[in-house]
Amino acid sequence: MSVYTQLTDDQFAAFCQSFGVSFARAIPITQGIKNSNWFIQTTDDVDGTYSYVFTLFEERPPADIEKMAVILNQLNGKLPVAAPLAVIESNSAQADGDIDDKRYVIHYEDKAITLVPCLAGSHPEQTTQAMCHDIGAALAMLHETLQALQPSEQYGVPLYPWSDVRDREMQFMPGDEAKLMSDIWRSYSELPLATLPKGLCHLDMFADNTLWNLQKGEARLTGLLDFTEVSVEHYVMDIAITINDFCTTWGVAEQGESVNFDRSKMAAFLQGYESIRPLNNDENRALPVMLAKAAVIFWLLRLNVIHYNRTEGRTGDNIMVKNPDLMKRLAAYHWAHVEKSKNTVFVLLNKPDNQIVGVFSSITQAEQAQETLNSSGFAIKEYTLDQLS
């Protein structure tokens, strides 16, 4: 259970009253590794039910959380999100009822508190291709909708300095792990980053940050959660982060904590995403490296949580730490595919006699050449450089 700051019932009651909510009980939420979260049962709720989620943000400054409230209001109505309640004291002086003057955050010991309505649904234990398609479409809608908030840098929080964490952690890594991280980081830096579209991104769209109606045999997306990391970033990085969790089956400890990536789920995700926002050629070419870099970021994030808990003396059964080795293994899997692609070419052949028409470094280039020829008499085959020679 991740609850770092302890509050009394009297404190909960006072805070909830500031949002116009009558408090009855707070139930700790076990998921999450950064903030303290509780379900709030009101005096109108029957036993076993709750209407709101109360979050005390342990690290983010209140100004960042105010930005998050604006973002959620922008998405509200287009995606299933829980927009924070307004603080009633801040509205009493609003003669004109200007929504821009609303305040959504309470300050407590220099930390921010928000109260949001509960969304229906549950976290999925497993994902399907259909769910991957739907979350892909939802992420694209998020990217498109948030383009209305300009300048985007005004609404996004600064990206975390992961290079600092990398430099600190690589000092203590075995040589093969440090080389893996360094190789992926270098390959990322060599991408044509300036040509990749950017905007406000979620950057933490894992399955446990989504809710689904799973009761009727057909999963329906009912909630998108945790908008504390929204930053200006390349859209393809946000895509890679989401794919890495939704398209991976994570084995439990009793099963050796296996990491199994499903490329058919990734294809379904991309189909859903591109039904709203098609990727350009540079994004398609960058995606394999972005998948590896995204895994590295979450590898570092989990190492950083361990470092932070150790330096702050945070211990006990109420502290949840996710295994960083799982992301290391996923990074290695994606990097192996990147390395393989460097030795792979795509050959356009004339079907009748298998004569080589062209050799291309990517499937996209080969398909474009095939379309230009405008004939069904050509086939594309994949070869390693050794096979071709």
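Residues numbered from 1 in each chain as written. Predicted model: local features only at pLDDT ≥ 70, side-chain atom pairs only at ≥ 80, totals over all residues. Heavy atoms only, no water.

Student: Can you help me understand the overall build of the protein chain in this one?
Tutor: Counting its secondary structure elements, the protein chain contains 12 helices and 14 strands. In summary, the protein chain has a C-alpha radius of gyration of 24 Å against a globular reference of 21 Å for 389 residues, a match within 12%. Over its C-alpha atoms, taken along the principal directions, the protein chain stretches across nearly 80 × 50 × 40 Å. Across the 389 residues that make up the protein chain, the buried fraction comes to 49%. A separation of at least 24 residues holds for 71% of the contacts in the protein chain among residues at least 6 apart in sequence. Summed over all atoms, the accessible surface of the protein chain reaches about 19000 Å², with 49% contributed by carbon and sulfur. A gap of 5 Å separates the mean positions of the 30 positive and 50 negative side-chain charges of the protein chain. (Helix = DSSP H or I, 4+ residues; strand = E, 2+ residues; numbered from the N terminus. Rg over C-alpha atoms; globule rule 2.2 N^0.38 Å. Buried < 20%, exposed > 50% of the residue type's maximum accessible area, 1.4 Å probe, protein only. Contact = heavy atoms within 4.5 Å. Areas by Shrake-Rupley, 256 points an atom, 1.4 Å probe, with all protein chains shown as cover. Lys, Arg positive; Asp, Glu negative; His and termini not counted. Charge placed at Lys NZ, Arg CZ, Asp CG, Glu CD.)

Student: Explain the layout of surface pockets here, please?
Tutor: Once rolled over the atoms, a probe with the size of a water molecule shows which space is left empty. By volume, the second largest pocket is sized at about 1100 Å³. Contributing to the lining of the second largest pocket are 29 residues, with Asn284, Arg285, Pro288, Ser341 and Ser362 lying nearest its centre. Elements that contribute at least two residues to the lining of the second largest pocket include exactly helix 8 (263–274), helix 9 (281–312), helix 10 (324–342), strand 12 (344–350) and helix 11 (363–373). Counted by class, the lining of the second largest pocket contains 11 nonpolar, 10 polar and 8 charged residues. (1 Å grid on protein atoms, 1.4 Å probe; cavity = no way out; pocket = protein on both sides within 12 Å on 5 of 7 lines; lining within 4 Å. Points joined across faces, edges and corners; volume = space filled by probe spheres on them. Nonpolar A, V, L, I, M, F, W, Y, C, P; charged D, E, K, R; others polar.)

Student: What is the right way to look at the pairing of strand 13 (residues 355–360) in this model?
Tutor: The two faces of a sheet get side chains in turn, since along a regular strand they alternate between them. Pairing between strand 12 and strand 13: 5 bridges, direction antiparallel. Its bridge partner lying in strand 13, Val347 is registered against Val359. (Pairing = 2+ DSSP bridges.)

Student: Help me understand the packing of aromatic side chains, please; the structure alone is not making it clear to me.
Tutor: Within a pair of aromatic rings, the relevant descriptors are the distance that separates the centres and the angle that separates the planes. Inspection of the entire model under this criterion finds 11 aromatic pairs. When the centroid spacing of 5.7 Å and the interplanar angle of 75° are considered together, the rings of Trp38 and Phe54 count as edge-to-face. Taken together, the positions of Trp38 in strand 2 (residues 36–42) and Phe54 in strand 3 (residues 52–57) put the pair 16 residues apart, joining distant regions of the chain. Relative accessible area serves as the criterion here: at 0%, Phe54 is assigned to the buried category. Of the aromatic side chains, those joined through ring pairs into one cluster are Phe12, Phe15, Phe23, Trp38, Phe54 and Tyr108. Geometry around Trp185 places Arg166 over its ring, the cationic atom sitting 4.5 Å from the centre. One residue, Lys293, lies across the ring of Trp185, its end atom 4.4 Å from the ring centre. (Phe/Tyr/Trp six-rings, centres within 6.5 Å; stacked < 30°, edge-to-face > 60°. Lys NZ or Arg CZ within 6 Å of the ring centre and 35° of its normal.)

Student: Just checking my understanding: could you explain the pattern of salt bridges for this structure?
Tutor: Opposite charge on two side chains allows them to pair when their charged atoms are near. Applying the stated rule across the entire model yields 11 salt bridges. A salt bridge links Arg166 to Asp167; the nearest nitrogen and oxygen atoms lie 3.0 Å apart. When its relative accessible area of 17% is taken as the criterion, Arg166 is described as buried. Between Arg277 and Glu283 there is a salt bridge, with the nearest N and O atoms lying 2.8 Å from each other. Under the relative-accessibility criterion, Arg277 is labelled buried at 8%. Taking the relative accessible area as the measure of exposure, Glu283 reaches 1% and is therefore buried. (Salt bridge = Lys/Arg side-chain N within 4 Å of Asp/Glu carboxyl O.)

Student: Is there a simple way to think about unusual backbone geometry in this case?
Tutor: Glycine aside, a negative phi is what most residues show, and trans is what most peptide bonds show. With an omega of -5°, the peptide bond between Gln150 and Pro151 qualifies as cis. At Leu203, a position not held by glycine, the phi torsion is positive, near 70°. With respect to the element layout, Leu203 can be found in the loop between strand 6 (198–201) and strand 7 (210–213). Backbone geometry places Asp226, a non-glycine residue, at a positive phi of 55°. Within the secondary structure layout, Asp226 lies in the loop between strand 8 (220–224) and strand 9 (231–234).

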